[in-house]
Amino acid sequence: MASIEGYGLALLSIEGTQPEIELAALVETYSSLLFRVAHSVLRSRTEAEDVVQDVFVRVIEHRGTLYEVRDMRVWLIRIAWNLAIDRKRHILPDQLDERFAESLAASSESADKALEETQRLKSVLREMERLPRRERQVLLLSTVEELGTSELAIILGRSESAVRALLFRARTRLRERLQGRGGKR
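Remember, predicted model here, so these are calculated numbers, not experimental data.

Caption draft 1: Representation of unusual backbone geometry. Even without glycine at this site, Arg43 takes up a positive phi of about 60°. Within the fold, Arg43 resides in the loop between α1 (23-42) and α2 (45-61). When its relative accessible area of 4% is taken as the criterion, Arg43 is described as buried.

Structure, rendered in structure tokens:
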């Protein structure tokens, strides 16, 4: 068994065939990252888990050509992102915001503070939904701490400078909207 540089993934090779990446290693290495990507879009634990499963179904479907993938991490994130976006089209934002905001609010706070934090987070989520699609997408993806500008550019099919500009505009617009609603911090 050999390992893919930088990933620690095992390759299985049958004599005379192309090597295949071990699915269990992919699941162990990337499932939590893919969950965070899907969850940032869908705001639903069960929906995000379904997306992660669907990503690995795609991996199985493409197992014969995985050795051709240049950057496995970015390829998997792009699949998760696209699947989550497709799922989100069928879900109303209000269905997700309440639970998502509650899950983000600090549980160690008093009930009053937790409720206040939940309301503030719902306001932020509502304003994020109002951002132009590209700005909203780059803002969501940038919150996944393991993604850099170059990876965002690949996932979104944009240049790095376009990603930086979108991110700047999204943050500025969101800040202005929240301050306009009395949410100054």
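Caption draft 2: A look at α2. The terminal C-alpha atoms of α2, which comprises 17 residues, lie 25 Å apart, in line with the 24 Å expected from a rise of 1.5 Å per residue. Those residues of α2 that fall on the buried side of the exposure criterion are Ala48, Val51, Val52, Val55, Phe56 and Val59. Down the axis of α2, the buried set is contained in an arc of 135°. They therefore lie on one face. Opposite the buried face of α2, at more than 90 degrees from it, the exposed residues are Gln53 and Glu61. Where α2 is buried, its residues contact α1 and α3 (72-88).

Caption draft 3: Structural view of the packing of α1 against α2. Direction vectors running N to C along α1 and α2 enclose 140°, while the axes themselves pass 8 Å from each other. In terms of orientation, α1 lies oblique with respect to α2. Taken as a pair, α1 and α2 cross one another with a handedness that is right-handed. Residues Leu23, Leu26, Val27, Ser31, Leu34, Phe35, Ala38, His39 and Leu42 of α1 form the contact with α2, whose own contacting residues are Arg45, Glu47, Ala48, Glu49, Val51, Val52, Val55, Phe56, Val59 and Ile60.

Caption draft 4: Expanded view of the environment of Met128. Within the secondary structure layout, Met128 lies in helix α5 (residues 111-130). Given the relative accessible area of 9%, Met128 is considered buried. A C-alpha to C-alpha distance of 8.5 Å links Met128 and Leu139, two positions 11 residues apart in sequence. Setting aside residues up to four positions removed in sequence, Met128 forms contacts with Arg136, Leu139, Leu140 and Leu174.

Caption draft 5: Representation of the confidence of the model for the protein chain within the structure. Per-residue confidence for the protein chain gives a mean pLDDT of 77, with 74% of residues at or over 70. Looking at the elements of the protein chain, mean pLDDT is at its lowest for strand β1 (residues 2-4), recorded as 34, and at its highest for α2, recorded as 93. The model gives residues 1-19 a pLDDT under 50, and that stretch makes 36 contacts with residues more than four places away or in other chains.

The rules behind each value
Residues numbered from 1 in each chain as written. Predicted model: local features only at pLDDT ≥ 70, side-chain atom pairs only at ≥ 80, totals over all residues. Heavy atoms only, no water. Helix = DSSP H or I, 4+ residues; strand = E, 2+ residues; numbered from the N terminus. Buried < 20%, exposed > 50% of the residue type's maximum accessible area, 1.4 Å probe, protein only. Expected span 1.5 Å × (residues − 1). Arc of directions from axis to C-beta. Contact = heavy atoms within 4.5 Å. Axes fitted to C-alpha atoms, helices over the stretch in contact; angles between N-to-C directions. Parallel < 35°, antiparallel > 145°, perpendicular 65-115°, else oblique. Left-handed = near helix turned anticlockwise from the far one by under 90°. pLDDT = per-residue confidence, 0-100.

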